[in-house]
Amino acid sequence: MGIQLTDSQRAVVEDRGGRVLVSAAAGSGKTRVLVERLFRRVLGGGRADLDDFLIITYTRAAAAELRERIAQELGRRMADDPGDRHLQRQLLLVYQADIKTIDSFCTALLRENVHLLDLGDQGGLTADFRVLDEGEAELLRQRVLPRVLEKFYTDMTPGQTQLADCFGFGRDDRGLEDLVLELHRKVQSHAYPHRWLEEQRRSWAALPEDGGETEFGRALLVRLARKARHWADLLARALEEMSSDGALAKAYGPAFSGVSGQMEALAEAADKGWDEAAGRLPEFPRLSPARKCEDPALKDRMQTLWNRCKKDTAAFSAILETSGAEAGEDLRRSAPAMEALLALCVDFSEAYQQEKLRRNVTDFSDQEHYAVRLMVDEYQDTNQVQNCIFDALSHGGRTLFTVGDVKQSIYRFRLADPTIFLEKYRAFPDSRGEEGGPRRILLSQNFRSRRSVLEAVNWVFEAIMSRDMGEIDYGAAERLNFGADYLPPREDCQT
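Presented here is an overview of the structure given in this document. The shown structure was predicted, so the numbers you read here are calculated from the model rather than taken from an experiment. (Residues numbered from 1 in each chain as written. Predicted model: local features only at pLDDT ≥ 70, side-chain atom pairs only at ≥ 80, totals over all residues. Heavy atoms only, no water.)

Taken in spatial order, the 3 strands make up an open sheet running β6-β1-β7, and their pairing is parallel. Since the sheet does not close on itself, it has two edges, and those belong to β6 (401-404) and β7 (439-443), each with one partner. This sheet shows a mean twist of 20° between the axes of neighbouring strands, independent of strand direction. Alignment of strand β1 (residues 20-24) against β7, held across 5 bridges, turns out to be parallel. Bridging across to β7, Ala-24 finds its partner in Leu-443. Across the sheet, helix α1 (residues 7-14) is in contact with β1, β6 and β7; its angle to β7 comes to roughly 135°. (Pairing = 2+ DSSP bridges. Helix = DSSP H or I, 4+ residues; strand = E, 2+ residues; numbered from the N terminus. Axes fitted to C-alpha atoms, helices over the stretch in contact; angles between N-to-C directions. Contact = heavy atoms within 4.5 Å.)

Set out below in structure tokens:
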């Protein structure tokens, strides 16, 4: 007998064909539904086998747990129908099925197909290659980098001299070493790191005249506009709060109102350009004395808010002290050093790769990049290289079923890119649409927590989450909805 499903869970279990994105909130039963979807395929008309599917998770513990849940469900179904020969076959396959992390999948793929890997003049790997742990890989990088820097310091170009001078040339080059290693680590999340480095080099070689039109200037202006709107909103809320104290509102209200309006004007100017924003920086008048106010604690909070706003404004005002043309000129002066840094990172990456091939070893990022080379011709916790692998495995995404929740994305420090999930979340329609087309399914009912817990979580997330803060607006589709009707009601655990 199958499990009881909600309408959205049934859609996850039964939907077939095309690219499906499931946004599964915490406690929504996603593992339970995944197992049911798998068994509907195994026991349906096609009578698929468990090892016909590739199931990727992000930790070994999660892979082991999922395999155990599948084995338990298989045992339960065998107890209901012990004579089913197809189910008996699955008992032999459940521990051979491809339920693994992305790293272990790529390693297995590489071992089986390493003879197809064309690395050009760099040499090649053999099937008995060893995967370095992170400690070993770091030691190897530390051995390779000095040799690369020694070559770097020979017959230096003006750009290389400028780069070395910035990081203590002649005294201590640890700053340059750390920078190269950090840049190398971060570019590994790209499907084609060398191509990305070359794109960056070309962008530095062709900077626009106006610094506000560069990628860096645009990022600063976006951040400035966000901060300005944030302060405009906080000051407007403070005005409403002060309305309960007539003396305080009379003393502080005009200044708060004026700066709030200036902040809105600054945000609009920042949307237009660098010099427009520089001409709209707010001016802070002196606050009038607030005598005979009824709420001294409220007065203290308002003063603290005012001073924080002034301090934050001073920080971004300093950025706009130069004009857009001057900022562009500053960037162009830095360009030779930046181009030299990018070239140095390429030289180090090639030397490090050659040393690994000489030793017949790989590191974890190699597994993914070699997998891309094998499969490709020129989800909340995925990155671009992993996304490329998944597209290749699923015929361009046509047979890809993904489950995630961007609100639970915790691996950005490991270069995960939740925007990959978000782009699909925002673009895919909720309904099936055309046959085989992409669509999303929302699992927003929580079956794990009491209503008071969910109300508290929703209250906090609605207040703090947006596209600017958390990369997603926390609206009706993102709320956690109470589904644990089996829990007895309680009145003694309100938040």
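We are not done yet, so read on.
The geometry of helix α9 (residues 193-205) relative to helix α14 (residues 324-359) is characterised by a closest axis approach of 9 Å and an angle of 165° between their N-to-C directions. As the angle between them shows, α9 and α14 are arranged roughly antiparallel. For the element pair α9 and α14, the recorded crossing hand is left-handed. Side by side, α9 and α14 meet where His-194, Leu-197, Gln-200, Arg-201, Trp-204 and Ala-205 of the first sit next to Leu-331, Ser-334, Ala-335, Met-338, Glu-339, Leu-342, Cys-345, Val-346, Ser-349 and Glu-350 of the second. (Parallel < 35°, antiparallel > 145°, perpendicular 65-115°, else oblique. Left-handed = near helix turned anticlockwise from the far one by under 90°.)

Let us now look at helix α7 (residues 158-166). All buried positions along α7 are accounted for by Gly-159, Gln-160, Leu-163 and Ala-164. Viewed end-on, α7 has its buried residues packed into an arc of 130°, placing them on one side of the element. In α7, the exposed positions angled more than 90 degrees off the buried face are occupied by Pro-158 and Cys-166. (Buried < 20%, exposed > 50% of the residue type's maximum accessible area, 1.4 Å probe, protein only. Arc of directions from axis to C-beta.)

This brings us to helix α16 (residues 384-393). One turn of an α-helix holds 3.6 residues; hence residues three or four places apart share an orientation. Within the sequence span of α16, burial applies to Val-385, Gln-386, Asn-387, Cys-388, Ile-389 and Phe-390. Packing partners of the buried residues in α16 comprise β2 (54-57), α5 (102-113), α15 (364-375) and α17 (419-427).

In this section: the packing of aromatic side chains. The final tally for this structure, using the stated rule, is 7 aromatic pairs. Their ring planes at 25° and their centres at 5.1 Å tell us that Phe-256 and Trp-306 sit as a pair that is stacked. Of this pair, Phe-256 sits in helix α11 (residues 246-272) while Trp-306 sits in helix α13 (residues 296-319); the two residues are 50 residues apart in sequence, bridging distant segments of the chain. Relative to Trp-306, the ring of Phe-284 has its centre 5.2 Å away and its plane inclined at 75°; by these criteria the two rings are edge-to-face. Placement of the pair is Phe-284 in the loop between α12 (274-278) and α13 and Trp-306 in helix α13, with a sequence separation of 22 residues. Counting every residue linked through ring pairs, the aromatic cluster contains Tyr-252, Phe-256, Phe-284 and Trp-306. Residue placement shows Arg-111 over the ring face of Phe-129; its charged tip is 4.1 Å from the ring centre. (Phe/Tyr/Trp six-rings, centres within 6.5 Å; stacked < 30°, edge-to-face > 60°. Lys NZ or Arg CZ within 6 Å of the ring centre and 35° of its normal.)

Turning our attention to the environment of Val-457. One can find Val-457 in helix α18 (residues 451-464). With relative accessibility at 25%, the residue Val-457 sits in the partly exposed group. Separated by 31 residues in the primary sequence, Val-457 and Arg-426 have C-alpha atoms spaced 23 Å apart.

Another point: the pattern of salt bridges. A side chain of one charge can pair with a side chain of the opposite charge if their charged atoms are brought near each other. Tallied over the full model, the rule gives 35 salt bridges. Between Glu-329 and Arg-332 there is a salt bridge; the shortest N-O distance is 3.0 Å. Residue Glu-329 and its partner Arg-332 are located together in helix α14, separated by 3 residues, close to a single helical turn. By relative accessible area, Glu-329 is classed as partly exposed at 31%. Its salt-bridge partner being Arg-333, residue Asp-330 comes within 2.9 Å of it at the nearest N-O pair. Residue Asp-330 and its partner Arg-333 are both found in helix α14; the two are separated by 3 residues, about one turn of the helix. (Salt bridge = Lys/Arg side-chain N within 4 Å of Asp/Glu carboxyl O.)

Here we take up the pairing of β7. Of all 5 residues that make up β7, 5 are buried, and the element is covered over most of its length. By the alternation rule, side chains of β7 split into Arg-439, Ile-441 and Leu-443 and Arg-440 and Leu-442, which are all buried.

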